[in-house]
Amino acid sequence: MRTAVALLACLALLLSPAPAPAEGPQATYVLRVPAPKGESAQRLLGLGYDVLEQRDGDDLFVVGDPKTAGKLRTDGYPATVEKTMPPAPWAPRSIGDATYYGGYRTITAHLAHLDEVAKAHPGLATVVDYGDSWRKTQGNGGYDLKALCVTRKGPGDCALTPTAPKPRLFVMGQLHAREITTGDMAWRFIDDLVGSDLTAMLADVEVWVVPIANPDGVEIVESGGDSPVLQRKNANGTCTSGSRGVDLNRNAGSHWGEVGSSTSKCSETYRGPRADSEVEVQALESLWRKLYRDTRAPGDTAAASADTTGAVVSMHSYGDYVLFPWGWSTQKTGNDAALRKMANDMAALSGYTAGQPGEVLYNASGATDDWVYDDLGVPSFVWEIGTDSGRCGGFLPPFSCQEDAHWPKVRPMLVSAMKAAKRPY
Ligand SMILES: [Zn+2]
């Protein structure tokens, strides 16, 4: 018995994060936190921890520094260390580098890629500038917000009007900047749309790709070079301890300010001062209203009409999930059966788990995917790409994992979404 107690104490010591060095870079920890679905999970989110989009049974996962486990314990959540990421040597990328961290393309390279593809395939691809990032609106660097419309171009195609002739699939990456897998998936999708068997599908569907929905955030991520910065939010705001910015996936004007979002500026789920306060979110919503007809009456229970066309996919990582509305609650939408079937079809191709966020993960309000369905009736999905562990798991998989592990699962889901966009309900 005594031996067992000693062993447990020993284990506890091993599992406790090492004390922080007096100065210099600190390790980052992924902590496993018992937080069953429902009240316990929602309270954890409400406390402002950096909770990952990942669940294992009754456990959620929190990213933090050496002090985070102690804070969690004080708040009533006994955490254990799941993974330790040692501080990497500071290796900023050089100005002009087109890639970072072993091959991931920079925001500048992504924007150039859109122009190159449009120039090489004028009958297929059109670049659309749909707004400015926050830093650009401040005259302080920043970027244009850009989408690529890809289709076998005919009259009226790619026009910024909801009455355009073809059904539209909209796919975006890196709304959460540190989810670097998703921008790479968008890059590969664009290349395949103009250069593979997918091109033949473009006769009767229009595909819109926004590879980087949060370029200011991605600029912060890639500034770390071989040690990418884990920036999730945009760059608007200040924070003395923690991370600056607004969580663009808690800022949208659908049930904004409810569960799973924070009022604290330093929280990773900071919702912003008001619904739709952020220019990146405003620009997306404005673009979606130009691309899609509104086929759903207001309220939480109305169904979109049967003649609705199109679909919207927001790519995130990680956890191997296909999520669909509502995310603010486990209440079902008026189109639950159809949304659930589409999600199950996608998940069957990748081995992911399908469900509403609150069914498989936790409830969160103010997400763009809820907004798309709420405002327009268009089916919308979140893909949480990648596992939590293993060589290709987590936020920062080695670049080779994109080709070997993630793309073979995501590509069939994209094809499924292209087909489903024609008559989703
Ligand atoms: Zn995300």
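Residues numbered from 1 in each chain as written. Predicted model: local features only at pLDDT ≥ 70, side-chain atom pairs only at ≥ 80, totals over all residues. Heavy atoms only, no water.

**Focus: the coordination of the zinc ion**
Reference geometry at the metal: tetrahedral coordination by four donors gives ideal angles of 109.5 degrees; octahedral coordination by six donors gives 90 or 180 degrees.
And step 1. The coordination sphere of the zinc ion, as far as protein atoms go, consists of Glu53 (OE), Glu53 (OE), His176 (ND1), Glu179 (OE), Glu179 (OE) and His316 (ND1), spread over 2.1 to 2.6 Å.
And step 2. For the zinc ion, the six donor atoms in the first shell make angles of 52 to 148 degrees at the metal, so the coordination geometry reads as irregular.
And step 3. All donors of the zinc ion come from a single chain, and their spacing in sequence reads E-x122-H-x2-E-x136-H. Of this pair, His176 sits in the loop between strand 9 (168-172) and helix 6 (180-195) while His316 sits in strand 11 (residues 311-316), and the two are 140 residues apart along the sequence. When sorted by exposure, His176 lands in the same class as His316, which is buried. (Donors = N, O, S within 2.8 Å, 3.2 Å for Na, K, Ca; no water. Tetrahedral: all angles 85-135°; square planar, octahedral: opposite > 155°, others 65-115°. Helix = DSSP H or I, 4+ residues; strand = E, 2+ residues; numbered from the N terminus. Buried < 20%, exposed > 50% of the residue type's maximum accessible area, 1.4 Å probe, protein only.)

**Some points on the domain arrangement of the protein**
And step 1. Partitioning the protein into domains gives domain 1 (28-85) and domain 2 (99-420).
And step 2. Here the C-alpha centroids of domain 1 and domain 2 sit 25 Å apart.
And step 3. With 15 residues of domain 1 at the contact, the number on the domain 2 side is 26 residues.
And step 4. For domain 1, the biggest contributors to the area lost against domain 2 are Gln42, Leu45 and Glu53; these three give 39% of the whole.
And step 5. Taken together, the connections running from domain 1 to domain 2 amount to two salt bridges.
And step 6. A salt bridge links Glu53 to Arg232, with the shortest nitrogen-to-oxygen separation between them at 3.0 Å.
And step 7. At the surface where domain 1 touches domain 2, the tally comes to ten residue pairs in polar contact (both at pLDDT 80 or more).
And step 8. Going through the elements one at a time, helix 2 (39-46), strand 2 (50-56) and strand 3 (59-64) are the ones with two or more residues in the side of domain 1 that touches domain 2.
And step 9. A total of six residues in the side of domain 1 that touches domain 2 trace back to one element, the largest contributor, which is strand 2.
And step 10. Of the residues that constitute the side of domain 1 that touches domain 2, the class distribution is six nonpolar, four polar and five charged. (Domains from an automatic or database assignment. Contact = heavy atoms within 4.5 Å. Buried area = accessible area lost by both parts, 1.4 Å probe. Salt bridge = Lys/Arg side-chain N within 4 Å of Asp/Glu carboxyl O. Polar contact = N/O pair within 3.5 Å; in protein donor to acceptor, adjacent residues only side chain to side chain. Nonpolar A, V, L, I, M, F, W, Y, C, P; charged D, E, K, R; others polar.)

**Re the pattern of salt bridges**
And step 1. Following the criterion strictly, the structure yields 23 salt bridges and no others.
And step 2. Here Asp204 and Lys422 are joined by a salt bridge, their closest N and O atoms 3.5 Å apart. A residue pair is termed long-range when its members are at least 10 positions apart, and Asp204 in the loop between helix 6 and strand 10 (206-210) and Lys422 in the segment after helix 12 (400-420) qualify at 218 residues.
And step 3. With a closest N to O distance of 3.0 Å, Glu359 and Arg340 form a salt bridge. Residue Glu359 is located in helix 10 (residues 357-360), and its partner Arg340 is located in helix 9 (residues 336-350); the two are separated by 19 residues in the primary sequence.
And step 4. Using a relative accessible area of 26% as the deciding quantity, one classes Glu359 as partly exposed.
And step 5. One continuous salt-bridge network, built from bridges that share partners, spans Arg32, Asp56, Asp59 and Glu82.

**Examining the confidence of the model for the protein**
And step 1. Of all residues in the protein, 92% attain a pLDDT of 70 or more, and the chain-wide mean is 91.
And step 2. In this model residues 1-24 is a low-confidence stretch, pLDDT under 50, and it forms ten contacts with partners more than four residues away in sequence or in other chains. (pLDDT = per-residue confidence, 0-100.)

**A look at the sheet that holds strand 8 (residues 144-150)**
And step 1. Across the sheet, eight strands lie side by side as 7-8-10-9-11-14-12-13; this open sheet has mixed pairing. Whereas interior strands pair on both sides, the edge strands pair on one side only; in this sheet they are strand 7 (125-132) and strand 13 (353-355). Here the strands of the sheet are splayed against their neighbours by 20 degrees on average, with no regard to which way each runs.
And step 2. Bridge count between strand 7 and strand 8: seven bridges; the pairing is antiparallel. (Pairing = 2+ DSSP bridges. Axes fitted to C-alpha atoms, helices over the stretch in contact; angles between N-to-C directions.)

**Looking at the packing of aromatic side chains**
And step 1. Under the criterion given, the structure shown has eight aromatic pairs.
And step 2. Here the aromatic rings of Tyr100 and Tyr104 are separated by 6.2 Å at their centres, their planes lie at 45 degrees, and the arrangement is tilted.
And step 3. Residue classification places Tyr100 among the buried residues on the basis of a relative accessible area of 4%.
And step 4. Ring centres of Trp326 and Tyr373 lie 5.2 Å apart, and the angle between their planes is 70 degrees; on these two criteria the pair is classed as edge-to-face. (Phe/Tyr/Trp six-rings, centres within 6.5 Å; stacked < 30°, edge-to-face > 60°.)

**A few points about the state of the cysteines**
And step 1. Scanning all chains against the criterion turns up three disulfides.
And step 2. With a sulfur-sulfur separation of 2.0 Å, Cys149 is cross-linked through a disulfide to Cys158. On the S-S bond that ties Cys149 to Cys158, the torsion sits near -80 degrees, and the link is left-handed. Assigned by exposure class, Cys149 and Cys158 land together as buried.
And step 3. Bridging Cys392 to Cys401, the disulfide has an S-S length of 2.0 Å. Because the sign of the S-S torsion sets the handedness, a value of about -75 degrees for the bond joining Cys392 and Cys401 places this disulfide among the left-handed ones.
And step 4. Ordinal numbering of bonded cysteines along the protein defines a disulfide pattern of 1-2, 3-4, 5-6. (Disulfide = S-S within 2.5 Å.)

**Things to note about the pairing of strand 8**
And step 1. For strand 8, the buried fraction is high: six of the seven residues fall into the buried class.
And step 2. Pairing of strand 8 with strand 10, which is carried by three bridges, proceeds in the antiparallel orientation. Counted as the bridge partner of Leu148 is Val209 from strand 10.

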